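Commentary on secondary and tertiary structure
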Amino acid sequence: MGTGPDIAPNLAGLSFEEALKELEAVVRRLESGDAPLDESIDLYARGDALRAHCQARLDAAQARIEAIVADRDGKPQGLRSFDETQG
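Just so we're clear, the structure is a prediction, and the values are computed from it rather than from any experiment.

Moving on, we come to the pattern of salt bridges. Under the defined criterion, the tally for this structure stands at 3 salt bridges. R46 serves as the salt-bridge partner of E22, at 2.7 Å between the closest nitrogen and oxygen. One end of the pair, E22, is in helix α1 (residues 16-32); the other, R46, is in helix α2 (residues 37-66), and 24 residues separate them in sequence. Residue E39 is joined to R29 by a salt bridge in which the shortest nitrogen-to-oxygen separation is 3.1 Å. Here E39 is found in helix α2, whereas its partner R29 is found in helix α1, with 10 residues between them in sequence.

Mapped onto the elements of the fold, S40 is located in helix α2. At a separation of 3.3 Å, a polar atom in the side chain of S40 contacts the main-chain carbonyl oxygen of A35. For S40, the residues in contact, after removing those within four places along its chain, are L30 and A35.

Here we take up α2. Residues lying three or four places apart along an α-helix face the same way, a consequence of the helix completing one turn every 3.6 residues. Look at α2: 43 Å from first C-alpha to last across 30 residues, which is about the 44 Å you get at 1.5 Å a residue. Every buried residue belonging to α2 is among S40, D42, L43, R46, G47, A49, L50, H53, C54 and A63, and all of these are buried.

We now examine the packing of α1 against α2. α2 packs onto α1 with a crossing angle of 150° between their chain directions and a minimal axis gap of 9 Å. One way to sum up the angle between α1 and α2 is to call them roughly antiparallel. Remark: the crossing between α1 and α2 carries left-handed chirality. Between α1 and α2, the contacting residues are F16, A19, L20, E22, L23, V26, R29 and L30 on the first element and E39, S40, L43, Y44, R46, G47, L50, R51, H53, C54, R57 and L58 on the second. Grouping the amino acids of the contact of α1 with α2 by side-chain chemistry returns 11 nonpolar, 3 polar and 6 charged.

Quick look at α1 now. Counted at 1.5 Å a residue, the expected span for α1 with its 17 residues is 24 Å, and the 24 Å between its end C-alpha atoms agrees. Against the buried residues of α1 lie α2.

Turning our eyes to something else, we now look at the confidence of the model for the chain. A low pLDDT score tells you not to read the predicted coordinates there in detail. On average, the chain scores 82 in pLDDT, and the residues at 70 or more come to 72%. Looking across the chain, the model is least confident in helix α3 (residues 82-85), with a mean pLDDT of 56, and most confident in α1, with 97. When the criterion is pLDDT under 50, residues 1-5 qualifies, and its contacts beyond four places in sequence or with other chains add up to 6 contacts.

Quick notes on the rules
Each residue is numbered by its place in its chain's sequence as written, counting from 1. Note on the predicted model: pLDDT of at least 70 is required for a residue's local features to be given, and 80 or more for side-chain atom pairs to be given and counted; whole-chain, interface and lining totals, by contrast, use all residues. The side-chain numbers reported here are obtained from all heavy atoms of the structure, hydrogens and water having been left aside. Throughout this description, the term salt bridge denotes a Lys or Arg side-chain nitrogen within 4 Å of a carboxyl oxygen of Asp or Glu. Secondary structure is summarised from DSSP: a helix means a run of H or I of at least four residues, a strand means a run of E of at least two, and numbering begins at the N terminus for each. For this analysis, a polar contact is any N or O atom pair within 3.5 Å, provided that within protein one partner can donate a hydrogen and the other can accept it, and provided that sequence-adjacent residues contribute only side-chain to side-chain pairs. Contacts are assigned to residue pairs with any non-hydrogen atoms lying within 4.5 Å of each other. One fewer than the residue count of a helix, multiplied by 1.5 Å, yields its expected span. Relative accessible area decides the class of each residue, using a 1.4 Å probe on protein chains only: under 20% of the type maximum gives buried, over 50% gives exposed, and in between gives partly exposed. Axis angles are defined between N-to-C directions and span 0 to 180 degrees, where every axis is a line fitted to C-alpha atoms and, for a helix, only to the segment in contact. Here roughly perpendicular refers to angles of 65 to 115 degrees, roughly parallel to angles under 35, roughly antiparallel to angles over 145, and oblique to all remaining angles. Helix crossings are classified by the rotation of the near helix relative to the far one: an anticlockwise turn of less than a right angle makes the crossing left-handed, while a clockwise turn makes it right-handed. Each residue gets one of three labels, nonpolar for Ala, Val, Leu, Ile, Met, Phe, Trp, Tyr, Cys and Pro, charged for Asp, Glu, Lys and Arg, and polar for the others, Gly among them. The pLDDT value expresses, per residue, how confident the predictor is, ranging between 0 and 100.

So, in structure tokens, the structure goes:
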């Protein structure tokens with residue numbers, strides 16, 4: 001792990017589950033206290049990028065769920081495109 005722009009390579013390609021699994025591994029490594037200072041700083045930066053990625057994926061999922069269109073009885077009638085909810 002190096003400092004700089006390589007801290008968060010290819011996060012866009014990670015699923016929520018993959019990112020969460022890697023974040024858990026980062027946390028375990030940091031909590032172990034075995035990592036030298038420079039590695040700990042890099043791990044912390046990677047963990048923060050993974051946390052932000054997971055949060056963005058959760059926010060997108062929530063927006064999709066909220067886009068469910070209900071009829072007047074409150075029953076799901078269909079889905080709106082996520083893009084429609086942004087306008």
